[in-house]
Amino acid sequence: MGYDRHQRAAIRTAAATVAQQLAELTGTPPRVAAELDAVRIEADVTDAALQRWTRLLAVLELGTEYGVSSTPDGQIAWLRIELRRQGPRP
């Protein structure tokens, strides 16, 4: 249990750091959502972010998985930071 609690605290800290970096890159606040074993962070891809695409990609790569999705209103960059599991995955 202690391991899990420490991992969750580490994920919250990492998510806060990533969210701050995305806010600085995009000029808009990102959306942060807690999932069962992860935190998902989404940010609108703004013109400011496109001008610093290499930096945006570096921030996205901090996640366990990441991507860019198209919506009718534009593009959304997203990443997930997952809780590491002990032992082998099923």
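Scroll up to find the structure this text is about.
Here the structure is a predicted model, which is why all the values come from computation and not from measurement. (Residues numbered from 1 in each chain as written. Predicted model: local features only at pLDDT ≥ 70, side-chain atom pairs only at ≥ 80, totals over all residues. Heavy atoms only, no water.)

Notes on the sheet that holds strand β3 (residues 65–71)
Reasoning step 1: The antiparallel open sheet is built from four strands, whose spatial order is β1-β2-β4-β3. A single partner strand is all that each edge strand has here, and the edge strands are β1 (31–34) and β3. Here the average twist between neighbouring strands, direction ignored, is 20°.
Reasoning step 2: Pairing geometry for β1 and strand β2 (residues 38–44), over four bridges, is antiparallel. Across the sheet, the residue bridging to Arg31 is Glu42, located in β2. (Pairing = 2+ DSSP bridges. Helix = DSSP H or I, 4+ residues; strand = E, 2+ residues; numbered from the N terminus. Axes fitted to C-alpha atoms, helices over the stretch in contact; angles between N-to-C directions.)

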